[in-house]
Amino acid sequence: MTTDIAPTSGSRGRRQDEVGSPDITIVVPTFNEAENVPLLVERLDKALARHHWEVVFVDDDSPDGTADAVRALSRRDPRVRLIHRIGRRGLSSACVEGVLSSSAPVFAVMDADLQHDDAKLATMIERLVEDDLDVVVGSRYVEGGDTEGLSHNRRRMSRLGTWLAQRLLKAELTDPMSGFFVMRRSSFERSVRHLSLQGFKILLDIFASAERPLRYAEVATEFHARQHGESKLDTMAAWEFGLLLLDKLVGRWLPTRFVIFAVIGGTGTIVHLLTAALLGASSAVDPTTFLAPQIGAVFAAMTWNFFLNNFITYRDRRLRGWRMLRGLLSFYLVCSAGAVANVGVAQLVFTEEPIWWLAALAGAVIGAVWNFAASSYLTWRRS
């Protein structure tokens, strides 16, 4: 396999408008990185002085004016481009949009926080071409690598994430959590339609989604301390990493979102039982006294399920303000219809095959599938 990438002659790379299309695109997802943008472009100009390059910043509508900073640079330097996303969030999906916006045969992914070792980019590109590889990963954990830029807690989280990711992958990557790599576009295109786009670890997603084992190498890189801005890693980032692992484990059989929806439904059953007991269902002596706490428990469980699904399962479509109230009401209607379907199917199955647990299970499955499908369309419908 070959690629149309070669260094230019001379000490400085020429601008895109002088040489035509670039031979490498650097994709940089951003959120609140306005101060780092011009510094990164300066570093890329030095690191890739012998290449025809461009950088695509994919900004998720940063409130600090990151998009404006990129636009100001792009007016002076046509090698700098911007994709400004509104209403969409996520590092993995940002990387994919950036890659697909380019025609370059090779691309690199890196962060805007200046923590990645941009001085190694030329070496990584050279290794990709000369060894005829699919991807070259900047690794913090091979000999010569460095994680000094990570805090103690971040270092522990990175090690744990690496261990979990290595259980999933067939490739023996030392740093599958790396956010710094160079890849052939042709190799990426073979995997892109199978990507989960969950969370923030696009490299892990690419390796786990590849239809054939990728030919790869790792280059030792240093991980520098952040100079400006704040880390975007938080509890939800860790949760999204877990979603990515879950998707790669069960996604071929069941949608990951449905699995989470069902698990939350299980916690709703516990809420239902606890609420019914607190409202006096356990001491009821006849159907009349049992009805009120049962109704209260049903609404408590539905309310619990709604807010937990709104926060976790449909985080990318999260409802706020008055839309949340309308969503809650529609969720009540959906689940009420689901309860009717649950009972109806269970009764039908029991009539044909009088095994109580089989009938109950069939009703529960139908109710869960209905609730998931209907609420996805009605309650958390994409606008």
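Residues numbered from 1 in each chain as written. Predicted model: local features only at pLDDT ≥ 70, side-chain atom pairs only at ≥ 80, totals over all residues. Heavy atoms only, no water.

**Student:** Explain the overall build of the protein chain to me, please; I cannot follow it from the model alone.
**Tutor:** If you tally the helices and strands in the protein chain, you get 13 helices and seven strands. Residues classed as buried in the protein chain amount to 46% of the 383 residues present. Excluding contacts between residues fewer than 6 apart, the proportion of contacts in the protein chain whose partners are at least 24 apart in sequence is 76%. Of the accessible surface of the protein chain, which amounts to about 19600 Å², a share of 59% is contributed by carbon and sulfur atoms. (Helix = DSSP H or I, 4+ residues; strand = E, 2+ residues; numbered from the N terminus. Buried < 20%, exposed > 50% of the residue type's maximum accessible area, 1.4 Å probe, protein only. Contact = heavy atoms within 4.5 Å. Areas by Shrake-Rupley, 256 points an atom, 1.4 Å probe, with all protein chains shown as cover.)

**Student:** Is there a simple way to think about the layout of surface pockets in this case?
**Tutor:** Using a probe with the size of a water molecule, rolled over the atoms, empty space left in the structure can be pinpointed. Estimates place the volume of the second largest pocket at around 790 Å³. Forming the walls of the second largest pocket are 27 residues, and the residues nearest its centre are Gly265, Thr269, Asn305, Asn342 and Asn371. Mapped by element, the contributors of at least two residues to the lining of the second largest pocket are helix H10 (256-278), helix H11 (287-313), helix H12 (322-352) and helix H13 (356-378). Residue contributions to the lining of the second largest pocket peak at eight residues, all from H10. (1 Å grid on protein atoms, 1.4 Å probe; cavity = no way out; pocket = protein on both sides within 12 Å on 5 of 7 lines; lining within 4 Å. Points joined across faces, edges and corners; volume = space filled by probe spheres on them.)

**Student:** Would you mind going over a nonpolar patch on the surface with me for this structure?
**Tutor:** Together, Trp357, Leu358, Leu361, Val365 and Val369 make up an exposed nonpolar region whose accessible area comes to about 450 Å². In this fold, Leu361 is placed in helix H13. Judged by its relative accessible area of 47%, Leu361 falls in the partly exposed class. (Patch = residues over 30% accessible without salt bridge, like charges linked within 9 Å, V, L, I, M, F, W, Y side chains within 5 Å. Salt bridge = Lys/Arg side-chain N within 4 Å of Asp/Glu carboxyl O.)

**Student:** Hey, could you run me through the pairing of strand S1 (residues 24-30) in this one?
**Tutor:** Where a strand is regular, its side chains alternate between the two sheet faces. A large share of S1 lies buried, amounting to seven of its seven residues. Of the two faces of S1, both are covered, the one formed by Ile24, Ile26, Val28 and Thr30 as well as the one formed by Thr25, Val27 and Pro29. One ladder, built from seven bridges, connects S1 with strand S2 (residues 53-59); its direction is parallel. Bridge pairing in S2 links Pro29 to Val58. After leaving S1, the chain enters helix H2 (residues 36-47) and then returns to the sheet as S2, a path that is right-handed. With four bridges connecting them, S1 and strand S4 (residues 106-109) associate as parallel partners. Pairing of Thr25 across the sheet is with Phe107, part of S4. (Pairing = 2+ DSSP bridges. Right-handed = clockwise from strand over helix to strand, strands pointing away.)

**Student:** Mind showing me how you'd approach H2 here?
**Tutor:** One turn of the α-helix equals 3.6 residues, which is why residues spaced by three or four share an orientation. Compared with an ideal rise of 1.5 Å per residue, which puts 12 residues at 16 Å, H2 spans 16 Å between its outermost C-alpha atoms and is within 8% of the ideal. Of all the residues in H2, the buried ones are Asn36, Val37, Leu40, Val41, Leu44, Asp45 and Ala47. (Expected span 1.5 Å × (residues − 1).)

**Student:** Looking at this model, I keep getting lost on the sheet that holds S2. Mind explaining?
**Tutor:** Each strand in a sheet pairs with its neighbour through backbone hydrogen bonds, running either in the same direction (parallel) or in the opposite one (antiparallel). What the seven strands build is an open sheet, ordered S3-S2-S1-S4-S6-S5-S7; its pairing is mixed. If you trace the sheet from one side to the other, it starts and ends with strand S3 (80-84) and strand S7 (216-220), each paired once. The average angle at which neighbouring strand axes cross in this sheet is 20°, direction not considered. When strand S5 (residues 135-139) meets strand S6 (residues 181-184), the two strands line up antiparallel, connected through three bridges. In the sheet register, Val135 faces S6, and the bridge partner there is Met183. Sheet strands in contact with helix H4 (residues 91-100) are S1, S2, S3 and S4, and its direction is about 150° off that of S1. (Axes fitted to C-alpha atoms, helices over the stretch in contact; angles between N-to-C directions.)

**Student:** For this particular structure, what's the right way to read the environment of Glu97?
**Tutor:** Within the secondary structure layout, Glu97 lies in helix H4. With relative accessibility at 26%, the residue Glu97 sits in the partly exposed group. Distance from Glu97 to Ile83, taken between C-alpha atoms, is 8.2 Å for residues 14 residues apart in sequence. Non-local contacts of Glu97, meaning those with residues more than four positions away in its chain, are made with Ile83, Arg85 and Arg88.

**Student:** How do you make sense of the pairing of S3 when you look at a structure like this?
**Tutor:** Inspection of the sheet shows S2 paired to S3 by five bridges, in the parallel sense. Considered in S3, the bridge of Val55 is made with Val80. Handedness of the crossover joining S2 and S3 through helix H3 (residues 66-76) is recorded here as right-handed.

**Student:** I would appreciate a short explanation of the packing of aromatic side chains in the present structure.
**Tutor:** By convention here, two paired aromatic rings are described through the distance between centres and the angle between planes. Applying the stated criterion across every chain yields a total of 10 aromatic pairs. Judged by centre distance (5.8 Å) and plane angle (50°), the rings of Phe306 and Phe331 are tilted. Placement of Phe306 in helix H11 and of Phe331 in helix H12 is noted, with a sequence separation of 25 residues between them. Like Phe331, Phe306 is buried. Each ring, one from Phe331 and one from Trp380, has its centre 5.6 Å from the other, and the planes form 65°; the classification is edge-to-face. (Phe/Tyr/Trp six-rings, centres within 6.5 Å; stacked < 30°, edge-to-face > 60°.)

**Student:** Would you explain the side chain of Asp59 in this entry?
**Tutor:** By the element assignment, Asp59 lies in strand S2. No salt bridge is formed by the buried Asp59, whose closest oppositely charged neighbour, Arg71, lies at an N-O distance of 7.3 Å. (Lys, Arg positive; Asp, Glu negative; His and termini not counted.)

**Student:** How should the pattern of salt bridges be read in this particular structure?
**Tutor:** Side-chain pairs of opposite charge can arise where the charged atoms are in close proximity. This model, assessed by the stated rule, comprises 15 salt bridges. Salt-bridge contacts for Glu54 lead to Arg81; the nearest nitrogen and oxygen are separated by 3.0 Å. Taken together, the positions of Glu54 in strand S2 and Arg81 in strand S3 put the pair 27 residues apart, joining distant regions of the chain. Members of the salt-bridge network, linked through shared partners, are Asp132, Asp134, Arg184, Arg190, Arg212 and Arg215.

**Student:** I would appreciate a short explanation of the nonpolar core in the present structure.
**Tutor:** Soluble, globular proteins show a tendency: their nonpolar side chains are buried together. Core analysis: the biggest nonpolar cluster contains 30 residues, and Ile26, Leu44, Val55, Phe57 and Leu121 have the highest contact counts within it. Sorting elements by how many residues they give to this core places H2 first, with five residues. With residues up to four places along the chain from it excluded, the contact list for Val55 reads Ile26, Val28, Val41, Leu44, Arg79, Val80 and Arg81. One finds Val58, Phe107, Met183 and Leu203 within the second-largest nonpolar core, a separate group that totals 24 residues. (Core = buried A, V, L, I, M, F, W, Y, C linked by side-chain atoms within 4.5 Å.)

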